Amino acid sequence: MRSLTNLLGDINETFWFPPKASSFAEETDSFFMAIMWISVVFFVLIVAAMVYFVMKFRRRPGYRGDSSALHSNTLEITWTVIPTIIVIWIFARGVYGYMDMMTPPAGDTIDINVTAQKWDWQFQYPNGAISDELFIPNERNIRLRMRSIDVLHAFYVPSFRAKSDVVPGRVTTMWFRPIMEGDFDLFCAEYCGDKHSEMIKKQGVHVLDMESYETKLAELAKPPSHPVYHGYWLYKNRGCKACHSLDGKKIVGPSFQGSWGETVQLSTGESIAFDDQYVQESIYKPQAKFRSGYEKASQMPSFEGQLSLEEVMSLTAFMKEMKNEAFIKLVSDEDGLTPEEAKSYGISDEAVAAKDEGSESGGKGDPANEMPAEPNK
Amino acid sequence: MSEAAVHGDGHGHDDHDHPAFLAHHFDDPEQQYDSGKLGMWLFLVTEILFFSGMFCAYALYRSIHPEVWTFASQFLNSTLGAINTGVLLFSSLTMAWGVRCAQLRQRTGLVVSLAATLGCASIFLGVKAIEYTHKWELGLLPAGTYESQFLPAAAHHGISQWLYVLSAIPAACVLGFGIWYAMTIAKGEKENSEVAGPLLVTALCYFAGVGLGLFLESGEAHGEDHGPGTHSEEHIDGHEHPGNVHEGEEGDPGHKDAHEGGGEEHSMLPGEAKVVFVSAETDGMKPLPKPGAATDKEIDQSGGAGLFFSIYYCMTGVHAVHILAGMGVLTWLLVRATRDHFNEQYFGPVDYVGLYWHIVDLIWIYLFPLLYLIK
Amino acid sequence: MSEIADLSALPQEEREARENFLFNTKGFLSWALTLDHKRIGLMYLVGVMSAFFIAGMLALLIRLELMTPTNTYLSNAQYNQVFTLHGAIMVFLFIIPSVPAALGNFLVPVMLGAKDVAFPRLNLSSFYLWVSGAVFFLAAMLYTGLDTGWTFYTPYSTTTQGPVVAATMGVFILGFSSIFTGLNFIVTINTMRPPGMEWFKMPLFLWATYATSIIQVLATPVLGITVLLLAAERILHIGIFDPAYNGDPVTYQHFFWFYSHPAVYIMILPGMGIISELMSVHSHKSIFGYRFVAYSSVAIALFGFLVWGHHMFTSGMANVTTIIFSALTFTVSIPSAIKVFNWLATMYKGTVQLNTPMCYALNFIFLFTIGGLTGLWLGALSTDRPLHDTYFVVAHFHYVMVGGTLVGFLGGVFHWWPKMTGKMFSETWGKISCLLVFLGFNLTFLPQFVLGSRGMPRRYAQYVAEFQELHQMSSYGAFLLGFGLFVALGVFIHSLMAGKKAPPNPWGGATLEWQCTSPPPYYNFLEPPTVNDPYNYKPLAYRDGDRGWEYVHPEAPEVPQSEPEPAQS
C-alpha cells in the first residue's frame, strides 16, 4: 500500500507513534514496545500451540485420542504465576511513568490557563495574552490549568503523549516538557457534541525557542488598534469563531457575513434591525432574542464582563465590514489568515497605523494599499 | 417474582399427583417454596443495591458539604418522620402476623392483618403528602428550582394547592371502594365485601394521615420552619443583596476554589480579572462557599441547600414508590386470602410479600435518621 | 395428560414430530404467550439478531463515512447519532442479552434436566420488558436522534437537545429485563439441579451463566438508579451530576461504570462458557482443569466489580485511587489467561474435529487473546494516558466484544442449532463464513490499533487526512466482516429451508441437552435423564449421519465405529 510508506514519511515518526516531542515520549514508547513484545511472545505461543494441536490431534482414521490428560496442578500454577509476575511488572512500570506525568517539577514552570468551550480552545499566558493556538517554549516545563465552561472535553496532544480530561466544575492541572521544536496537533479527546471532531488544532501547538516565544507573547498581548482589525482579532481569539462563520454558512449561530444593517427575523416572528443595539444585546444577553432558525443555538454564554464596550464596538465595526466583498474574501480563507498572511495584507498594528496615516498622505508604497479591501471609514 | 412461582398453567405432560398450587415444573411444594424464597431474597438484594446508589450520593455530598446538611435538615419535621417510622414499624408487625396466620390457615386473621398493613401504608403516604406539599409551598425544592428561604416570598403558608392534587386519587378511591362495598353488602357477596371493606378503610387511612400531618405541621411550622429567618444578623444581610443568586452577580472568582482541585496555586496571571472567554461568575455555576466559613444565608443562596432536597426527594420518593408497589401486591394478597388460597402447605406468596415489606420498612429505618435526625 | 397416552402408541418418529416444542401448539398466541423457556429463548434469538442487524448496518454506515476525512454521507450531527445508536443498540439490545437470554434460556433448564426455569412467567415478562425497552429506545432515537454516546456522560446528556429521558427509561426497562433473567437463572441453577448433579458436575456453560447472573443481579440495579437520577437531573435539575447545580460529572462516571464495567463481563463470561463447551465437545476430550475454569468464571465476576475506575484514568481521579484501580484491573487478566491456557490444553491428545462450531471457537481464542493482551496497554497507567479515548481503545473492546462475545455467540448458535431447530446446516458454508468473519474482523480492527497509538481520537466524524489510509483499510475490513456475517445468516436460512434432519446428538456431546431429541419435546425429557460426568465421552460411539452419536453400554462388545463426517447439505 502506497499509504503505509506514506505514514512513515515524516522522519520523526515511526510506524506506531507520532514524533516524540515531549519528555514523556521516550518512556511511554519504550514501555509500549515492551508490552508489545511480551504480548507477541504470548500470542505466538498460544496460536502456535493451537495450530499444532489442531493438526496433531485432528480426528483421522487410525488415530484415537487419549483422554487421560485432564488436569495438572503444576501446569495450572505455572500459567497462573508467570502471567502474574509479568503483570505485576507492567503495573509497576505503568505507575512509575504515571507518577512522572502527574507530578509537575517544583518551581520553574510556565503556567498557562486553558479554557475549553464547545468547540474551541483558548490559552491565556502569564503576561495576560490570549490566543486560540498554543505557543510554548522548547525545553521548558509547561503546566496547564484547565477548565471547561460547558461539557467534558479532553486536552490531547499525541506527540506529547499527554492527555487529560477537562471537567466542568473542576480545575484540572497537567504538565509536560516539550523537547522538540515544531508544530503539533491538538485534539479534543472526550466527546463533546456536534463539532467534537472539529475541536482540533491541526499543527496548532507551536513549540518555539525561548526568544520567538517571548516575541510571540508580546505580539499577542498587544491587540490591533484599528477597530475593524481589532474586531477581527477578537473574533479569532475570543471564541466567536467556534459558532459564527465568516463565509455565510450556519455553524451553530448565524454567520457574521452580510447581516449588518439588514432586517432580520426573530423566532418570535418580529423583525428587528441588525444594528449596534441588537449586536450589543446579543453579546451581553444572548438569551434575550433568537434569530429565526437559530432557536437551538441557546447555548451561547453571556460575554458581559468579558468584553468591554469598546471591544463590542470593535466587533460591530468588524461585522459592518463583513458586507464588503473584498474584505470577506480576505478573511474567509479556509483557516483565516496566518500571521504571515495578515502581515502581508497589512493586518498588523504597524500596517494599520501606517495606513491610518497613509490615507491622509496618499499612502504611496504602503503595504496597506496593496490590500484589496479597505475598511470603510 | 412470587406470582411466577405460583400456579403452573398446566402445560406439563403428566403429574396428576401435583397439588393444584404446585407449578408443573417443580417436583414438590418444598422445591417451589425454596425457589420462590431464594428469588425473593435476590430481588431484595437488587432493591438494596438500587437504593445504595442514592446512599452513596448522600454520603458523598454530605462529606463534601457538611454545612449544607446541617442547614437544610432543619427544614424537615422530625415529629412527622418519627410518626411515620412508628407507623411503618407497626405495619411490619401486622405483616409478620399475617404470615403466621397464613401458615396456620387462619383466614380471618390473615385478612385483618393484611388490611391493617395496608392501612398503615396509607397513613404513611398521607403524612408524606403533607410533608411534600408543605415543602413545595415553601420552595424547598431540588437544586434547579430551590427558592431561597431568605426571600419574603418564601414565607408562605396555608394548605397547599398541591395537596388537593395529590389527594384526588385517594378521594376517588374512597368513593369507588365505598360504592363497591355498599354494593357487595347489598348483594351479600361476602368474599368481595371482605376485599372492598379493607380497601375502603385503606383509602380513608390516607386522609387520617393527612389530618395528622396537617395538625402537626401547622403546630410546628411556625416554630421550626422559620429557623433561618430568625437569625437577625442574616436578615440584615439579606437586604444588601435582594435577588436570589443568578449568573454573573457574585463577583469573587476566588469562590471557585472551594471546588475540588482548585485550591492549589494561585500564582497565575497578573490580569486575573480578565479571564478567558467567560469568567467564573457567568459560566452557570454557583460556587459553594467554603465549609465552615459560610453563614446560613450563603449556604441557602449558593444553591447547595437544593442539593440536600434533591437527595431527600429522590430517596423518599423512590421509597414511596416502593410503598405504593407494596400496596398493590398486598391488595392482590388480600383478594387471594379472602378466596382462601393459603394453607399450611402453601403460604409462599404471603411470606415473600412479607419479606419485601420488611425491606421497605428497613430502608425507611435508615432514611429517617439520615435525613431527619443527624444534624 | 391424556394425549400423552394416545401419542405413546404412535411410532417414535410421528410422536417426536407431534410433540416437538416448535410445533406442539400452533398459532401466533401460542408463541406470544408461551411459558416454554425454549420458545422464549428462540424469540430472544430472533430479537437480538434483529437488533444486531440494525446496529451492524449502522456500523457499516460509520465505516462508510470514515472512508474520507471529511463529511461525505453524514453530517457531524448525523454521525454522532449513528455511533450513539450503534453503541447503544449493540450493548443494551444485543450483547448483554445475546448469550444469556437467547442461548441461556434455551439451554439452562435442558442442561439441568429440568422442565423449565424456576419462574416461567417472570421469564416471559422479561422478554416483553426487553421488547418494550427496545421499542422505547428505538422510538426515542428515531424521534429526533440521540447524540450522547451510549455512556450518557453528563453534563452533555443533561444539556443536549434530544430524547435523553426516553432513552434512559428504555435502558431502565432493559435493565429490569436483564435482572429478571439473571435472577431466574440463579434460582433455577440453585434449586432445580437434578439429583446427582453437584456443583462441580455442572457443565461449564452453567457455571458461566451462574457467574453472569450474579453480575446481572448485583450490578444492574445500580445502572437503574443511575439512569433514574440522570433523568431526574434533566427534568428537575437535582444537581447531583450537573456542574451547573454544584453536581460533579465524575460522580456520574463512577456510578455509570460501576454497572457498565461488570456489564463487560456480563457480555464476555457467557461467551467463555460457550467456548468451554465447544472446545471440549469438538476435541472429544474432557475439559482440562475443570475446577480452574469454573473458579475463574466466578473470579472474573467478582474482580469485575472492583475495576470500574479504569475507564476513568484521565478523568481526574486522585492518584492513589487511580493506582489502586490499575492494580485491580490487572487481577482480572489472570483468570482470563487461565481460561485460555486450559482451553488449549483441552485439545492436547484429544480428537479434534474441525466442525463449524469448533472453527468459531478457535477464532474466538485467537481474537480474544488479542483483545485480552491489548488490555495490558490500557491497564498500565502511563500507556493508557495517551491511548485513552483513542481508536486503540475502540479496537481493544471490539476484539473483546465482537471477537469474543459475537464470535462465541455464533459458535454457540452453530453448535446448538441442530438442537434448537432439528436441522443440520451446511458445514462447508459454515466454515467459509467463519473464515470471512476472521479475515474481515482482523482487517477492520488491527489497523485501528495503529490509528490509536498514532493519536486518532474516537467518536470523530471528521479526521486529519494522514489517517485516511488506515481508516480505509478498516472500512474494507468492515465490509468483508459484514459479508461474512451475511453468509452465516444464509447458512442458517438455508438450513431452515432445506437442512437435513438432525440426530439427537450430532457432535457427540455428553451434557444433558444431547440426551433429548432434536428439537426437544415441549416437556424436554419424558424420563429424567441420566446424570453423569458432562465431559465423559467414552461411552459415546458414532453410528452414522442419521443417528449421530449414541450411548453404548460400557459392557457391550466394541462396535465398529464409523468415522463422523457430518453430512454436507
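Residues numbered from 1 in each chain as written. Chains lettered and ligands numbered in written order. Predicted model: local features only at pLDDT ≥ 70, side-chain atom pairs only at ≥ 80, totals over all residues.

Looking at this structure, how should I read the overall build of chain B?
Scanning chain B for helices and strands turns up eleven helices and zero strands. Secondary structure elements of chain B occur, N-terminal to C-terminal, as α-α-α-α-α-α-α-α-α-α-α. Here chain B holds 375 residues, and the buried ones make up 44% of them. (Helix = DSSP H or I, 4+ residues; strand = E, 2+ residues; numbered from the N terminus. Buried ≥ 20, exposed ≤ 12 C-beta atoms within 10 Å, placed from the backbone.)

Even after reading the chapter, I still don't get the sheet that holds strand β3 (residues 130–131) of chain A, so can you show me in this structure?
Consider a sheet: its strands pair through backbone hydrogen bonds, and that pairing is either parallel or antiparallel. Residue and element names in this part refer to chain A. Spatially, the five strands line up as an open sheet ordered β3-β2-β1-β5-β8, and their pairing is mixed. Edge positions in the open sheet fall to β3 and β8 (172–176), since each of these has one partner strand only. Sheet analysis places strand β2 (residues 120–124) next to β3, joined by two bridges and oriented antiparallel. Paired with Q124 across the bridge in β3 is I130. (Pairing = 2+ DSSP bridges.)

What is the right way to look at the sheet that holds strand β6 (residues 153–157) of chain A in this model?
Residue and element names in this part refer to chain A. As summarised here, the arrangement of the five strands in space is β4-β10-β9-β6-β7, forming an open sheet in which the pairing is mixed. Of all strands in the sheet, those bounded by a partner on one side alone are β4 (134–137) and β7 (162–166). Taking the axes of each pair of neighbouring strands and ignoring which way they run, one obtains an average angle of 25° across the sheet. By the bridge criterion, five bridges tie β6 to β7 in an arrangement that is antiparallel. Paired with A154 across the bridge in β7 is D165. Docked against the sheet, helix α4 (residues 210–221) engages β4 and β10 (201–208), running at close to 140° with respect to β4. (Axes fitted to C-alpha atoms, helices over the stretch in contact; angles between N-to-C directions. Contact = placed C-beta atoms within 7 Å.)

Explain the interface of chain C and chain A to me, please; I cannot follow it from the model alone.
Quoted interface sizes are often the accessible area lost when the parts come together. Taken residue by residue, the interface counts 76 residues in chain C and 77 residues in chain A. Sorting the residues of the side of chain C that touches chain A by element identifies α5 (76–111), α7 (156–159), α10 (249–283), α11 (290–303), α12 (319–347), α13 (356–379), α14 (381–387) and α16 (427–453) of chain C as the ones contributing at least two each. The element that contributes the greatest number of residues to the side of chain C that touches chain A is α12 of chain C, accounting for 14 residues. For the side of chain C that touches chain A, the class distribution of residues is 41 nonpolar, 26 polar and nine charged. (Nonpolar A, V, L, I, M, F, W, Y, C, P; charged D, E, K, R; others polar.)

Would you mind going over the domain arrangement of chain A with me for this structure?
Residue and element names in this part refer to chain A. Looking at the assigned domains, one finds that chain A contains domain 1 (2–58 + 73–102), domain 2 (109–221) and domain 3 (227–370). Each side of the interface is counted separately: domain 2 has ten residues, and domain 3 has seven residues. Secondary-structure elements contributing two or more residues to the side of domain 2 that touches domain 3 are β2 and β3. Tallied by class, the residues present in the side of domain 2 that touches domain 3 amount to three nonpolar, three polar and four charged. (Domains from an automatic or database assignment.)

Mind showing me how you'd approach the environment of V402 of chain C here?
Mapped onto the elements, V402 of chain C comes out in helix α15 (residues 391–421). Distance in space between the C-alpha atoms of V402 of chain C and F441 of chain C is 8.5 Å, their sequence separation being 39 residues.

Help me out: how do you make sense of unusual backbone geometry in this one?
Negative phi is the rule for most residues except glycine; trans is the rule for most peptide bonds. Residue and element names in this part refer to chain C. For the bond running from T154 to P155, omega is -5°, close enough to zero to count as cis. Cis geometry marks the peptide bond from S518 to P519; its omega dihedral reads -10°. Relative to the helices and strands, P519 is located in the loop between α17 (468–498) and β1 (540–542). The phi angle at N246 is positive, at roughly 70°, despite the residue not being glycine.

Where do I start with the pairing of strand β1 (residues 109–117) of chain A in this structure?
Regular strands have side chains that alternate between both faces of the sheet. Residues and elements named next belong to chain A. In this sheet, strand β5 (residues 141–148) lies alongside β1 in parallel orientation, the contact comprising eight bridges. Looking at the pairing, T109 lines up with N141 of β5. With five bridges connecting them, β1 and β2 associate as antiparallel partners. Looking across to β2, one finds that N113 is bridged to Q124. In textbook terms, the turn of a hairpin is the stretch between consecutive antiparallel strands, and for β1 and β2 this stretch comprises two residues.

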